[in-house]
Amino acid sequence: MRFRAIILFSLVALRLLGQENTAPTILVGGGVTSGSYTPFWLRANQYGAVPTEESYGTVGFETRGKVVLSKRADWSYGVAARVNLAETKADPMIQEAYVTGRYGIFEMQLGRKRQLQGLMDSTLSSGSYIWSGNALPMPSINLVVKNFWAPAFLKDVVGFKGNYSHGWFENSRADVRDFYLHQKSFYGRLGKPNWMFKFYGGFNHQVQWGGVLKYADPYNISAKNGRIATGTKEYLYMITGQSINRVKEGGDTATYGVNDGWNRLGNHLGTVDLGMEVELSVGKLFMYRQSIYEDGSLYYLNNITDGLHGISYAGSSKKGIVRVVVEYLNTASQGGNVFTNSSVLRGFDNYLNNGVYNSGWTYFGKGMGTPMLTLDSETDLSPTKNVSYDNNRVEAYYIGIEGLFGQNSVTFRGSMSNAIGYFGSEFVPVKRQYAVGLFWSRPIQVMGQEAFLKANLGFDTGSWKKDVVGGNVTLALPLP
């Protein structure tokens, strides 16, 4: 209640004093599908807004605003909510509800706010490996340096940005309640903003930690007496990734469950990223690579072939084809099919799944990372419908094209993805899936007011599920 009161007070105050506010907007629309699933590119990376299954109608509301206090300081807020009315259920959701305060290079964000993690094309990518905007934003306290900052003595040649966040997972999961997200990132840029060549590098670190088990654990494997420790000492172990086995030789199963007592506290994962940008007279070329880490296999180069590889071209023209992205995602290695504590065999990574947090890297039933790794509940690859990843060894190719033609914005997304299965249960031959999406939007006049209309079409075919075609339409109407 206290958090909601703070948000409400902030929204009222900012509406009274606000500058640069967007008008409150009503959203109406809906989607239809020919099958039981929504076409892939209509639902992927939509921050949880589009249902995975069933046709639906939707109504929503959103508004955002900003108060500029000085050149160095400002406040902002945002609210976005909707209700999806499907054939079997009504699904209300708050996509965003946040306030931010910036002073200098630092911004504090409170609440649900959209964000991405990792080097990639932020507008047209298939999705960053670890944090793609596929699921609802998580409520968090997030300290951010959003733009690259260069100390004066470096004369803008080297810049830095990053974040440090604490978030809360949902308690409606079937596996664990009352557990948290720890997130941090650090990225550097070499080269002045106006240089032809610029180089980027950095990492992000995500951890699921703490909580109370909802499932039976009689041998204290996942937790000690059903509860994962969350004290100050444990927080320091967790943020540094320090193994408790190193702190106390032989592990500490008197205090922790066997999993944590012999290992790191929590479920750690992320990417190490590299990128290069080239400024040309006709546009900007950006090349990037995200390398995946989970349990040490990247450190020992066991899974070095896995990762997201991308090339993005953004043209200087504001009409015609303005952006093209081509990506290749490989997660087939996962360090191999052998795991030992030696420095050469660190396989069975089982990306985005976890033995303690059984629903894996998900939030409210949707994957938080790249949508190219799919959940059991999203395909017919397995006969069950669990919220966990049954398709995390994939090889996928993707292309995205964005164009502006007059007032019409048109985007195409297409992918081909091979589901390989998992170690010990491979698909032979692999299961292949094709998915395409076509997206159109433009401003229109409705009863003398400027509104915004979006219409999208999608089609999937292949071995993952029955062929499906579908579409959706949304009208955004500002309030007078």
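Since we're looking at a predicted model, the values are computed, not measured.

**Student:** Explain the overall build of the chain here, please?
**Tutor:** A count of helices and strands for the chain gives five helices and 25 strands. By the compact-globule yardstick of 23 Å for 480 residues, the chain fits well, its C-alpha radius of gyration being 23 Å. Oriented by its inertia axes, the alpha-carbon framework of the chain measures out at about 70 × 55 × 50 Å. By residue count, 51% of the 480 residues in the chain fall in the buried class. Pairs at least 24 residues apart make up 62% of the contacts formed inside the chain by residues separated by at least 6 positions. Carbon and sulfur atoms make up 62% of the accessible area of the chain, which totals about 22,400 Å².

**Student:** Looking at this structure, I do not really get the nonpolar core. What am I missing?
**Tutor:** The nonpolar side chains of a soluble globular protein tend to be buried, and buried together. Counting residues in each nonpolar core, the largest one holds 50 residues, and the members touching the most others are Trp41, Phe169, Leu352, Trp361, Met368 and Leu373. At the level of secondary structure, the elements contributing two or more residues to this core comprise helix 2 (40–43), strand 9 (180–190), strand 14 (283–293), strand 16 (320–330), strand 21 (394–405) and strand 23 (425–446). Discounting residues that sit within four places of it in the chain, leucine 373 has contacts with Tyr129, Leu329, Thr331, Tyr351, Leu352, Tyr389, Asn391, Asn392 and Val394.

**Student:** Would you explain the sheet that holds strand 8 (residues 176–177) in this entry?
**Tutor:** Note on sheets: strands pair through backbone hydrogen bonds, and any given pair is parallel or antiparallel. Sheet architecture is open: three strands sit in the order 8-11-12, paired in antiparallel fashion. Among the strands making up the open sheet, the edge pair consists of strand 8 and strand 12 (227–228). Sheet topology note: the strand 8/strand 11 (residues 211–213) ladder contains two bridges and is antiparallel. Along strand 11, the bridge assignment pairs valine 176 with leucine 213.

**Student:** What is the right way to look at the confidence of the model for the chain in this model?
**Tutor:** Atom-level detail of predicted coordinates should not be read off regions where pLDDT is low. Confidence in the prediction for the chain averages 92 pLDDT; 93% of positions are at 70 or higher. Across residues 1–18, confidence stays below pLDDT 50; counting only partners more than four residues off in sequence or on other chains, it has 20 contacts.

**Student:** Can you help me understand the pattern of salt bridges in this one?
**Tutor:** For the structure shown, the criterion picks out 17 salt bridges. Across the salt bridge formed by arginine 173 and aspartate 175, the nearest N and O atoms sit 2.9 Å from each other. Each member of the pair arginine 173 and aspartate 175 is classed as buried.

**Student:** How should a nonpolar patch on the surface be read in this particular structure?
**Tutor:** Nonpolar side chains collect at one region of the surface, where Ile105, Phe106, Met108, Ile141, Leu143, Trp149, Tyr164 and Trp168 lie side by side and expose about 690 Å² of accessible area between them. Of all the secondary-structure elements, those providing two or more residues to the nonpolar patch are strand 5 (106–112), strand 6 (140–149) and strand 7 (158–168). Among the elements that make up the nonpolar patch, the one with the highest residue count is strand 6 (three residues). Assignment of secondary structure puts tryptophan 168 in strand 7.

**Student:** Just checking my understanding: could you explain the side chain of arginine 189 for this structure?
**Tutor:** Among the secondary structure elements, arginine 189 is positioned in strand 9. Among the polar contacts made by the side chain of arginine 189, one reaches the main-chain carbonyl oxygen of aspartate 156 at a distance of 3.2 Å. The residues contacting arginine 189, other than those within four sequence positions of it, are Phe148, Asp156, Val157, Val158, Gly159, Lys198, Phe199 and Tyr200.

**Student:** Quick question: what am I supposed to make of helix 3 (residues 232–240) here?
**Tutor:** An α-helical turn contains 3.6 residues, so a residue and the one three or four places further along point in the same direction. For helix 3, the full list of buried residues reads Glu234, Tyr237, Met238 and Ile239. In this fold, the buried residues of helix 3 make contact with strand 7, strand 9, strand 10 (197–209), helix 4 (244–247) and strand 13 (267–280).

**Student:** Just to check I follow, could you spell out the environment of histidine 205 for this structure?
**Tutor:** Inspection of the secondary structure assignment puts histidine 205 in strand 10. Measuring from C-alpha to C-alpha, the distance between histidine 205 and threonine 271 comes to 7.2 Å, with 66 residues separating the pair along the chain. The residues contacting histidine 205, other than those within four sequence positions of it, are His182, Gln183, Lys184, Met238, Ile239, His268, Leu269 and Tyr293. Of the polar contacts made by the side chain of histidine 205, one reaches the side chain of lysine 184; its length is 2.8 Å. In this structure the side chain of histidine 205 is engaged in a polar contact, spanning 3.0 Å, whose partner is the side chain of histidine 268.

**Student:** Looking at this structure, how should I read the packing of aromatic side chains?
**Tutor:** What characterises a pair of aromatic rings is the spacing of the ring centres plus the angle enclosed by the ring planes. Considering all chains together, one arrives at 15 aromatic pairs under this definition. Aromatic side chains phenylalanine 160 and phenylalanine 186 sit 5.6 Å apart centroid to centroid with 25° between the ring planes, which places their arrangement in the stacked category. Of this pair, phenylalanine 160 sits in strand 7 while phenylalanine 186 sits in strand 9, placing them 26 residues apart in sequence. Overall, the relative accessible area of 26% leaves phenylalanine 160 in the partly exposed class. Phenylalanine 186 sits in the partly exposed class, given a relative accessible area of 41%. Each ring, one from phenylalanine 286 and one from tyrosine 288, has its centre 5.3 Å from the other, and the planes form 35°; the classification is tilted. Tyrosine 288 carries the same exposure label as phenylalanine 286, and that label is buried.

**Student:** Sorry, what's going on with the pairing of strand 15 (residues 307–315) here?
**Tutor:** Regular strands have side chains that alternate between both faces of the sheet. Two strands pair when backbone bridges link them, and strand 14 and strand 15 are joined in this way by eight bridges, in the antiparallel orientation. Bridged to glycine 283 within strand 15 is glycine 315. Where strand 15 lies against strand 16, eight bridges are found, and the strand directions are antiparallel. In the strand pairing of strand 16, glycine 307 is matched with asparagine 330. Count of turn residues in the strand 15/strand 16 antiparallel hairpin: four residues.

What counts as what
Residues numbered from 1 in each chain as written. Predicted model: local features only at pLDDT ≥ 70, side-chain atom pairs only at ≥ 80, totals over all residues. Heavy atoms only, no water. Helix = DSSP H or I, 4+ residues; strand = E, 2+ residues; numbered from the N terminus. Rg over C-alpha atoms; globule rule 2.2 N^0.38 Å. Buried < 20%, exposed > 50% of the residue type's maximum accessible area, 1.4 Å probe, protein only. Contact = heavy atoms within 4.5 Å. Areas by Shrake-Rupley, 256 points an atom, 1.4 Å probe, with all protein chains shown as cover. Core = buried A, V, L, I, M, F, W, Y, C linked by side-chain atoms within 4.5 Å. Pairing = 2+ DSSP bridges. pLDDT = per-residue confidence, 0-100. Salt bridge = Lys/Arg side-chain N within 4 Å of Asp/Glu carboxyl O. Patch = residues over 30% accessible without salt bridge, like charges linked within 9 Å, V, L, I, M, F, W, Y side chains within 5 Å. Polar contact = N/O pair within 3.5 Å; in protein donor to acceptor, adjacent residues only side chain to side chain. Phe/Tyr/Trp six-rings, centres within 6.5 Å; stacked < 30°, edge-to-face > 60°.

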